[in-house]
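A closer look at the structure
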Amino acid sequence: MPPGSTPTLPPTTPESAPPTIKAPSSTTMTRASPTPTDATAPTSTAATPRPRPLHLGPSPGALPPPAPSPVPVVDQLGDPSAPTGTIFSGTINMANTILGSGMLAMPYAISSVGLALGLVLVLVSGLAAAFGLWLLTHVARHLAGSDRARGPRTPAGFFALSTITYPTAAVYFDAAIAIKCFGVATSYLIVIGDLMPEVVRGLLNVDNGNILVWRSFWILVSSLPIVPLSFAHRLDSLRHTSMVALLAVVYLVGMVIYFFAQPDFNVTPGEIVAVRLSLDFFKTLPIFVFAFTCHQNILAVYNELGDNAQSQVNVVISSACSAALIVYYVIGVLGYLQFGDGVAGNIITMYPVTPVVTFGRLALAILFVFSYPIQAHPCRTSLTKVLLHVSGPQPPESDTPTERSPLLPTSPSYASVEQDDPRPAGQASHSTQTIPVPTAPRRRWWFADASAIHVALTTGIVVLSYSIALVVQSLDTVLAVVGATGSTTICYILPGVFYYKIYERKPWTWVKCGAVVMAVPGCVIMACC
């Protein structure tokens, strides 16, 4: 090294080191300026060019460059390098996730608490669900590479979010999500088995011994469209079937309006009250919670959006939740005003057997057929993460140490640090520091690749859910368990605790207070209901 020169740092990029970490100086060497040796060489008064440093590598104490966050094997089933989702497809899939069997029970839920209190609970549940969706997508931006506009993205998921917040609880969170989605998918099969025999009786004059009115027959027949759709790798590929399912929702809304305005359909409504407080409040509260639960699919939509900037994701969230709110208000209010406190848990059973109602039942059956894959997708994703966890790490094949990023959190509290985005202006889509997800250790599998995992888990989900649906006939029991446990966890608890952990050491803001306020009642609902 020439005398007087000083060691220089190699140029760094925003992605290689955050502004809060300063690497030690590395050893460099400079090339001396050429000196004329010939007496006839022309002399120049121009300034001598600045010596260019020759980087010979980092000093022994220097930090290694951060390793890029790898794409987990479970998320390589699709094509994370080419997200093609749009706002429209994301909204359609999210709305289809929200609107299901919950809208059939909404008039009964409102009758249990009164009209005024019911309207408030529907609105509060919708706003809380939308807030929880925003919290999840905001926290997902702390995963390094999850919001890249180009190139491969690091897929965001509940397991990845748990890794940077509560690593030891990650497997339990995914297990709860898998159980919830599995329960909802099974409830869809139960409803299909109840609806289709009534459709046949409304269209054909058959006796009860005919196979066409067997509940088990129609559950098995529904597997013809359900099974192929359940093997879809990407949620975005189900957007066309989701559009068909939402047409069934439109038909149901029209049917409720038709009978409410039909003067020939005269019924004597039961008692209609504004507020009713009783112990049934805690029994029906999970129905409101269950009605807006779609959080299990928001991260898949976030991953697949071509432009997943927060403003674009907000459009998807607000559009899907607003559409669901309108549907619940129309069906819930008109159904309660028409039948009063005598309304049944399934609104469609209150109407006479006419062609309009028969086709309404058929439309609902189609809705649930196309909604089953929407639940199977997150169920399979969460089960894969659980399976990866319990399989145990595979010993390394060589003595080469595993490459780790210096940005990896060494303690759970590291994830609480928020920094300004180091990327140049115009390239950053948010203003928070991204945290790399730890490299998943290699696993020992009895089957070789990710495709085999995909096929095996999907087959298991379908076979087990169909087996339960053929035996269990009580939909109320399934909805009560799912609404009070899985739905509450996904919709209220996880978004709140994830956000709080990320900003644990930051000043309290209204968003942080809202996250805590939403998580605490979620725990109470799960314990009391």
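First, a word on what this report is: a plain description of the structure on this page. (Residues numbered from 1 in each chain as written. Predicted model: local features only at pLDDT ≥ 70, side-chain atom pairs only at ≥ 80, totals over all residues. Heavy atoms only, no water.)

Turning our eyes to something else, we now look at the pattern of salt bridges. Side chains that differ in sign of charge can pair as their charged atoms come close. Scanning the entire structure with this criterion turns up six salt bridges. Here Glu271 makes a salt bridge to Arg276, at a shortest N to O gap of 3.9 Å. A relative accessible area of 22% means that Arg276 is categorised as partly exposed. Members of the salt-bridge network, linked through shared partners, are Glu271, Arg276 and Asp341. (Salt bridge = Lys/Arg side-chain N within 4 Å of Asp/Glu carboxyl O. Buried < 20%, exposed > 50% of the residue type's maximum accessible area, 1.4 Å probe, protein only.)

So, on to the side chain of Arg141. Of note, Arg141 is situated in the loop between helix H3 (115-140) and helix H4 (158-163). In this structure the side chain of Arg141 is engaged in a polar contact, spanning 2.3 Å, whose partner is the backbone oxygen of Asn308. (Helix = DSSP H or I, 4+ residues; strand = E, 2+ residues; numbered from the N terminus. Polar contact = N/O pair within 3.5 Å; in protein donor to acceptor, adjacent residues only side chain to side chain.)

A word on the packing of aromatic side chains. According to the stated counting rule, one finds 13 aromatic pairs in the structure shown. Both rings, one in Trp134 and one in Tyr499, keep their centres 6.4 Å apart while their planes meet at 40 degrees; by these two values the pair is tilted. Here Trp134, found in helix H3, pairs with Tyr499, found in helix H14 (residues 475-502); they are 365 residues apart in sequence, far enough to count as distant. Seen from their ring centres, Phe173 and Phe498 are 5.8 Å apart, and the 75 degrees between their planes marks the pair as edge-to-face. (Phe/Tyr/Trp six-rings, centres within 6.5 Å; stacked < 30°, edge-to-face > 60°.)

On to the environment of Asp207. Position of Asp207 relative to the elements: it lies in the loop between helix H5 (170-203) and helix H6 (215-221). At 3.1 Å, the side chain of Asp207 and the backbone nitrogen of Asn210 are in polar contact.

Let's shift gears to the nonpolar core. Residues Met103, Phe292, Tyr328, Tyr351, Leu364 and Phe368 are the most contacted members of the largest nonpolar core, which totals 126 residues. Contacts of Phe292, omitting those with residues within four sequence positions, involve Ile98, Val122, Ser125, Gly126, Ala129, Cys321, Ala324, Leu325 and Tyr328. (Core = buried A, V, L, I, M, F, W, Y, C linked by side-chain atoms within 4.5 Å. Contact = heavy atoms within 4.5 Å.)

Another aspect to go through is the packing of helix H1 (residues 87-98) against helix H8 (residues 239-261). Closest axis-to-axis distance for the H1/H8 pair is 9 Å, and the angle between their directions is 55 degrees. Between H1 and H8, the interaxial angle falls into the category oblique. Crossing hand, H1 versus H8: left-handed. On H8, the residues that touch Phe88, Ser89, Ile92, Asn93, Ala95 and Asn96 of H1 are Arg239, Ser242, Met243, Ala245 and Leu246. Partitioning the contact of H1 with H8 into residue classes produces six nonpolar, four polar and one charged. (Axes fitted to C-alpha atoms, helices over the stretch in contact; angles between N-to-C directions. Parallel < 35°, antiparallel > 145°, perpendicular 65-115°, else oblique. Left-handed = near helix turned anticlockwise from the far one by under 90°. Nonpolar A, V, L, I, M, F, W, Y, C, P; charged D, E, K, R; others polar.)

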